[in-house]
Amino acid sequence: MRLTDKCLAAVVLLLALAGGMLPAWAAEPGETVQGILPLADKQLPLPRGEWIVAGMGVQTQPQDAAGPFGVVRSAVLIQRSGDRVTAIAEFNTNEIALSDGWDAPHPCDAAAADFRLDRYHSRLDAACVSVATSHIAGGPPAWQQALGFIASRHWQCDETMLTAAFVVSDRQDFVDARLHFDPAGFPGQDDAQRILFAWATRFAPEFEKGLANQLTGPPFDGPLRAALLSDTPTLDSRLLELEALQGDGAISAADALSQQQAAQNERPRSAEPEPVSVDGWYYRLSTPLINLVTAYGVTQSAPLAVAIALTEHVAHTFVYAATQASWDRATGQATRHTSAWPVLIHIGDTDKPAGATS
Amino acid sequence: MAGLWLIVALFAPAWPCVAAAQPMLLVQDDLADLRPNEVTGQTWATTSRADLQGQFCAARSGTPTRLALVSHALSRRQRDDCAAAKDGKLVEALIGRRAVIAMTSGANFALTPELLYRALVRDVAAPDGEFIANRVARWRDLDASLPDAPIRILLPPSGSIESRIVSDVILYEGCAVRAGAMLPADPLKRMAICTTLRTDNAVTHAADRPTVTAWLRGQGNAALALVGVAVLLAEPDLETALPLDGVTPSFASIADGRYRAALPVYLLTVISPETARTVAGIAGPLLAEATIGPLGKLPRRGLAPLAAADRVKLRVSLGREFENAAD
């Protein structure tokens, strides 16, 4: 083999090795994306339209917060109309998958209570969505890069945006996403948050599909357009699918009809515990009352009956609290994960130091 | 089971009696763009609004099947006369609505029928009661809260039902609010004064525009396009809709009647024991989810759909009518 051939072979080998180490596709600032942003081997959903990659980076973690997830990769994309930035997508996700999930505290807990949906929350997985108004002054390195990108093109960006925040995690991965929208196209403040929240609750499952690389079909409309169209898109699809199944003969006409009626009862639900109902108060009060009446019946003494009922109630409460505490302690030990939830800096976080970028 | 009739009819082969006699299928001329013939596979005659209800009700009793698509409910008298003439039960089913929505390329401001009337009409009432040429050029001239930008409005194509909604619903209502006392008593003159549009560059007709989105982008932020549901669905980049009288347009607000720039679309038919099966065979495909649902054919042709619960209820209730008639 001649020297030039050897050199060529070495270059090819190096390129092949380098190719193997790099992600399959890494977006660069200035590139445009539609529908899905691939990041750290996951699919991140984007509302319909052309999105411009404006910043890419990683967020470093405090020493004690780091788990074996490598780094947290960040991406910032923008959507514009003329010279105005109309939407910003901010994504954070882990580079390396874990095997035993992420430890508490759960990031959904900090979200504003008025517009929040805890889709599910178990030992191993969680998904929540919330909506708030945010100021986009500070932020992570990817956002600093995006600000430079926006400034270099003389585009305008409102400092206050309407933000839909999504968190989804499972045993292996997490995605923390925030979609910021220019409030100019929305109606008044309350209506705007309500419209965005209604849209966000329908968009949230897309992140779960993306985490599993199962995003298919056309991208979702953005919140403004979605608010114009049907407010029951999932139900509409379900009715159509049932009708098609009946047309194919897969289900009977009677089943199609009853399932169409049943489909109307499906609603997005929060995994949070319901507030104590009237029934709950009834059961809480009825036991001491029954004890009091029984004690009075036996002793025929009101002070003695009250004392017995109170003693029983206090003892019962104490035993219940002790049992609950030991159960919580036991389950807490059993379900502790080795990887803490990463400390993330979001757009608008002015009080947190920015980590390194790459 | 109620509703089964309709669902079975949806997928059943044509009933033998459909082929036996020619049904009378009528569609109001400005609803012909819904193209019901492509849904039912049968010919629907296009008839003017003025003639349609008369033709439907005056049909010879030998005509076994009558269905019509209309944009107005029958009056009580028409309903009584029509049902008595047909030897059956007259059914008037709301299947959706046609609507006009004001879209912009991003600006958001509140509209009322009165503002649109003052922006669009050729002659406006002067303080002395005379009607003079409308020379308002900027939105800010109409109201201080509106954008300081030239008035540029794209209207629906002439002859479309959306064009009629602009005239009969928006302009007429705005005119009544603005110039009520000054209007002539003669309804025809009143209508002419209220709905004759200006012809300067403030107003453009949609006929030969490539797309509404392109037109809006070329006209600046405060330009608005009055569009129907078909255009809205065909152009995914349209996303900012202006509220009318404080109600933001949406399929939901159109369906529940809060958004008023809309006209209903009714399916008229007469159901008797003899015609129940035939009518079900034609009405079934027309009322299917794949036709009147938001993802169906008719919304893409301009029909604003009913709410999901109402669509299911419609199929169930009409199915019950067919079932009862056949029993």
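The structure contained in this document is the topic of the report that follows. (Residues numbered from 1 in each chain as written. Chains lettered and ligands numbered in written order. Predicted model: local features only at pLDDT ≥ 70, side-chain atom pairs only at ≥ 80, totals over all residues.)

Looking along a regular strand, one sees side chains alternate from face to face of the sheet. All names here are of chain A. Counting buried residues in strand β5 (residues 72–81) gives nine out of 10 residues, a clear majority hidden from the surface. Bridge count for strand β4 (residues 51–59) against β5 is seven bridges, and the pairing is antiparallel. In the strand pairing of β5, Val58 is matched with Arg73. Across 10 bridges, β5 lies against strand β6 (residues 84–94) in antiparallel orientation. Counterpart to Ala75 in the pairing with β6 is Phe91. Turn length for the β5-β6 hairpin, with the two strands adjacent in sequence and antiparallel, is two residues, and the turn residue Gly82 shows positive phi of about 65°. (Buried ≥ 20, exposed ≤ 12 C-beta atoms within 10 Å, placed from the backbone. Helix = DSSP H or I, 4+ residues; strand = E, 2+ residues; numbered from the N terminus. Pairing = 2+ DSSP bridges.)

The subject of this paragraph is the environment of A:Ala250. Following the sequence through the fold, A:Ala250 ends up in the loop between α5 (233–247) and α6 (253–263). For A:Ala250, a count of 11 C-beta atoms within 10 Å puts it in the exposed group.

A word on the interface of chain A and chain B. Counting residues at the interface gives 30 residues for chain A, matched by 29 residues for chain B. At the level of elements, α4 (223–228), α5 and α6 of chain A are the ones that each hand at least two residues to the side of chain A that touches chain B. It is α5(A) that provides the largest number of residues to the side of chain A that touches chain B, a total of eight residues. (Contact = placed C-beta atoms within 7 Å.)

Once that is clear, we can look at helix α13 (residues 276–287) of chain B. Residue and element names in this part refer to chain B. Over its 12 residues, α13 runs 15 Å from end to end, which matches the ideal 16 Å to within 8%, given 1.5 Å per residue. Within α13, 11 of the 12 residues are buried, leaving the element largely enclosed by the surrounding structure. Turning to α13, its buried residues are Ala276, Thr278, Val279, Ala280, Gly281, Ile282, Ala283, Gly284, Pro285, Leu286 and Leu287. (Expected span 1.5 Å × (residues − 1).)

The phi torsion of most residues other than glycine is negative, and most of the peptide bonds are trans. Look at A:Gln300: it is not a glycine, yet its phi comes out positive at around 60°. Checked against the element boundaries, A:Gln300 lands in the loop between α7 (278–299) and α8 (302–335). Although it is not a glycine, B:Arg35 sits at a positive phi angle of roughly 50°. Residue placement: B:Arg35 occurs in the loop between β1 (24–28) and α3 (36–40).

It is worth spelling out the sheet that holds strand β9 (residues 160–169) of chain A at this point. Consider a sheet: its strands pair through backbone hydrogen bonds, and that pairing is either parallel or antiparallel. Residue and element names in this part refer to chain A. Sheet architecture is open: eight strands sit in the order β1-β4-β5-β6-β10-β9-β8-β7, paired in antiparallel fashion. Looking at the sheet topology across the chains shown, the edges are occupied by β1 (32–33) and β7 (116–121). Both β7 and strand β8 (residues 126–135) contribute to a ladder of five bridges, which runs antiparallel. Its bridge partner being in β8, Arg116 is matched across the sheet by Ser130. Where helix α2 (residues 141–152) meets the sheet, it contacts β4, β5 and β6, and its direction lies at approximately 145° from that of β4. (Axes fitted to C-alpha atoms, helices over the stretch in contact; angles between N-to-C directions.)

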